[in-house]
Amino acid sequence: MKRTLFSLILLLLLSTALISCSVVGSRISHALGGEEDYIMNEELFNDGIENIKIDWKSGDVSLKTWDGDQIIVREKSVTSLNSRTRMKTKNEDGTLTVNFASKGVWMLPILFKKDLEVLIPASWDMKNINVNTASSPVSISDLSTLSLSVKSVSGGISLNNMGVVGDTTLKSASGDITAILKAGVMFRAETASGVVKAKVGGKVVAAETKSASGDVYLMVNDIGRISASSSSGTVELDVMGKAEYIDAHSVSGNVKLRLKEDTSGFLMKAKSTTGTVKCEFPSSVVGDQYTFGDGSTKISLKSTSGKVHAFGA
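All residue numbers refer to position in the chain's written sequence, counted from 1. Only residues with pLDDT of at least 70 are given local features in this predicted model, and only at 80 or more are side-chain atom pairs given and counted; all residues enter the totals for whole chains, interfaces and linings. With hydrogens and water excluded, all non-hydrogen atoms of the structure serve as input to the side-chain values.

**Notes on the overall build of the protein**
So, point 1. A run of DSSP states H or I qualifies as a helix once it reaches four residues; a run of E qualifies as a strand once it reaches two. Both are numbered from the N-terminal end. Counting its regular elements, the protein contains 2 helices and 23 strands.
So, point 2. Each residue is assigned to one of three classes by its accessible area relative to the maximum for its type, calculated with a 1.4 Å probe on protein chains only: buried under 20%, partly exposed between the two thresholds, exposed over 50%. Relative to its full complement of 313 residues, the protein shows a buried share of 42%.
So, point 3. Contact criterion: two residues are considered in contact whenever any of their non-hydrogen atoms come within 4.5 Å of each other. Pairs at least 24 residues apart make up 42% of the contacts formed inside the protein by residues separated by at least 6 positions.
So, point 4. Each accessible area is a Shrake-Rupley estimate made with a 1.4 Å probe; only the visible protein chains count as cover when residues are assessed. As displayed, the protein has an accessible area near 16,000 Å², and 54% of this comes from carbon and sulfur atoms.

Structure, rendered in structure tokens:
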């Protein structure tokens with residue numbers, strides 16, 4: 001009887017506490033929110049920052065340029081924030097670190113989400129940007145940097161109107177990846193079950209794109225080496241400039257390669273185990289070997305059960 005009474009009292013106290021927290025959180029949200037029903041918290045950083053490291057658990061993550069002369073780091077939450085649940089920032093030796101909350105707040109992503117926005121002066125040159133998230137979609141716009149790494153467990157990744165990015169690595173377990181870059185050195189994009197869609201202008205040394213079950217679309221101009229693959233999705237490549245080596249394959253999806261009409265030539269191996277192979281360039285064919293022009297670009301196109309198609313733009 002005493003144990004039952006104790007349990008009832010404990011349950012009542014917990015219920016009262018939860019209701020109180022909800023009411024207080026709502027009041028704080030309306031009182032402090034920069035937008036209706038939101039709490040805004042931001043920090044400013046002066047020049048001298050060349051690297052940014054972000055570790056975020058849940059909520060949207062956005063990085064973009066602005067016309068100011070400071071970096072603004074801003075979080076937005078629908079739940080009241082305290083010293084442990086607010087983001088943690090640190091500027092040390094030219095590296096700005098942004099963490100979702102205090103260490104040890106393990107249940108935080110389940111309880112609520114927070115959006116993160118980082119505004120970077122357009123005139124600043126960045127060296128390294130590193131973003132790691134659990135379930136947060138990541139959007140980065142209008143930036144140039146020597147190195148960019150974005151990894152997400154279940155969120156999508158989007159690069160919009162990026163400038164020159166030296167080394168780009170994008171990885172998501174189940175989200176889609178989209179990217180538009182003016183130019184770069186090395187471009188890598190990999191997702192387990194999402195779609196990869198990328199466009200890289202200018203000149204690129206190498207590009208690697210991969211999806212386990214999603215489609216892969218890649219458009220480039222001049223490039224040294226391309227590797228693109230999918231287990232069950234379509235692989236489609238547009239090469240509008242010169243390329244040294246192209247490798248594209250899919251297990252059960254189609255493989256498509258579009259080259260500019262005035263390409264100088266290629267030596268291509270194109271094969272499908274049970275599907276069809278079609279090359280629209282006037283090539284000499286021996287088995288699965290296709291030779292066109294000077295044979296300068298080396299190409300390998302493969303599919304187990306899908307169609308393989310090479311054609312001109």
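**A look at unusual backbone geometry**
So, point 1. The phi dihedral of Asp142 is positive, around 60°, even though this residue is not glycine.
So, point 2. Within the fold, Asp142 resides in the loop between strand E9 (138-141) and strand E10 (145-152).
So, point 3. By relative accessible area, Asp142 is classed as partly exposed at 41%.

**Brief notes about the environment of Lys256**
So, point 1. Along the chain, the position of Lys256 falls in strand E17 (residues 255-259).
So, point 2. A relative accessible area of 31% places Lys256 in the partly exposed class.
So, point 3. Dropping the residues within four chain positions of it, Lys256 is found in contact with Val235, Glu236, Leu237, His309 and Phe311.

**Quick word on the environment of Ser272**
So, point 1. Mapping Ser272 onto the fold places it in strand E18 (residues 265-272).
So, point 2. Residues Ser272 and Lys307 lie 35 residues apart in sequence; the distance between their C-alpha atoms is 6.7 Å.
So, point 3. Discounting chain neighbours no more than four positions away, the residues touching Ser272 are Val277, Ser303, Thr304, Ser305, Gly306 and Val308.
So, point 4. Two N or O atoms form a polar contact when they lie within 3.5 Å of each other; inside protein one atom must be a possible hydrogen donor and the other a possible acceptor, and for residues adjacent in sequence the pair counts only when both atoms belong to side chains. Reaching out from Ser272, the side chain makes a polar contact with the backbone oxygen of Gly306 at a distance of 2.6 Å.

**A look at the pattern of salt bridges**
So, point 1. Salt bridges are defined by distance alone: a side-chain nitrogen of Lys or Arg within 4 Å of a carboxyl oxygen of Asp or Glu. Taken as a whole and assessed by the stated rule, the structure comprises 11 salt bridges.
So, point 2. Two residues, Arg188 and Asp167, come together in a salt bridge whose shortest N-O distance is 2.7 Å. Placement of the pair is Arg188 in strand E12 (residues 177-191) and Asp167 in strand E11 (residues 157-172), with a sequence separation of 21 residues.
So, point 3. Overall, the relative accessible area of 29% leaves Arg188 in the partly exposed class.
So, point 4. Judged by its relative accessible area of 28%, Asp167 is partly exposed.
So, point 5. Across the salt bridge formed by Asp238 and Arg258, the nearest N and O atoms sit 2.5 Å from each other. Note that Asp238 is positioned in strand E15 (residues 235-239) and Arg258 in strand E17, a separation of 20 residues in sequence.
So, point 6. Here Asp238 falls in the buried class, since its relative accessible area comes to 10%.
So, point 7. Given a relative accessible area of 25%, Arg258 falls into the partly exposed group.
So, point 8. Sharing partners across several salt bridges, the network here consists of Glu42, Lys64, Arg74 and Glu117.

**Details of the confidence of the model for the protein**
Predicted coordinates in regions of low pLDDT should not be interpreted in detail.
So, point 1. When the pLDDT values of the protein are averaged, the result is 87; 86% of them are 70 or greater.
So, point 2. Per residue, pLDDT measures the predictor's confidence, with a range of 0 to 100. Confidence over residues 8-35 falls short of pLDDT 50; this stretch has 17 contacts with residues more than four positions distant or in other chains.

**Concerning the packing of aromatic side chains**
So, point 1. Two aromatic rings from Phe, Tyr or Trp, using only the six-membered ring of Trp, form a pair when their centres are within 6.5 Å; if the ring planes differ by under 30 degrees the pair is stacked, by over 60 it is edge-to-face, and anything between is tilted. All told, the structure shown has 4 aromatic pairs when counted by the stated rule.
So, point 2. Here Trp56 and Phe100 contribute two aromatic rings whose centre-to-centre distance is 4.8 Å and whose plane-to-plane angle is 85°, an arrangement assigned as edge-to-face. Of this pair, Trp56 sits in strand E2 (residues 51-56) while Phe100 sits in the loop between strand E6 (95-99) and helix H2 (108-111), and the two are 44 residues apart along the sequence.
So, point 3. One aromatic cluster in this structure is built from Phe266, Phe281 and Phe292.

**What about the pairing of E10?**
So, point 1. Judged from the 7 bridges that link them, strand E8 (residues 126-133) and E10 form a sheet pairing that is parallel. The residue bridging Ile129 from the neighbouring strand is Leu148, located in E10.
So, point 2. By definition, two strands form a pair when at least two bridges between them are found by DSSP. In this structure, E10 lies alongside E11, joined through 7 bridges in parallel fashion. Bridge pairing in E11 links Leu148 to Thr168.

**Observations regarding the nonpolar core**
So, point 1. In this structure, Leu63 and Leu301 are the most contacted members of the largest nonpolar core, which totals 67 residues.
So, point 2. Residue contributions to this core peak at 6 residues, all from strand E14 (residues 216-230).
So, point 3. With sequence-adjacent residues up to four places away left out, Leu301 is seen in contact with Ala248, Val255, Leu257, Met268, Lys269, Ala270, Lys271, Val308 and Ala310. Buried Ala, Val, Leu, Ile, Met, Phe, Trp, Tyr and Cys residues that are joined via side-chain atoms within 4.5 Å together make up what is termed a nonpolar core.

**A word on the side chain of Asp247**
So, point 1. By the element assignment, Asp247 lies in strand E16 (residues 243-250).
So, point 2. The charge count treats Lys and Arg as positive and Asp and Glu as negative. His and the chain ends do not count. The side chain of Asp247 sits in the buried core without any salt bridge; Arg225 is the nearest counter-charge, 5.7 Å away.
So, point 3. The contact partners of Asp247, leaving out residues within four places of it in the chain, are Ile226, Ser227, Ala228 and Ser300.

**Focus: the pairing of E15**
So, point 1. The buried fraction of E15 is high, at 4 of 5 residues.
So, point 2. Where E14 lies against E15, 5 bridges are found, and the strand directions are parallel. From the neighbouring strand, Val216 faces E15, where its bridge partner is Val235.
So, point 3. The sheet contact formed by E15 and E17 spans 5 bridges and is parallel. Along E17, the bridge assignment pairs Val235 with Val255.

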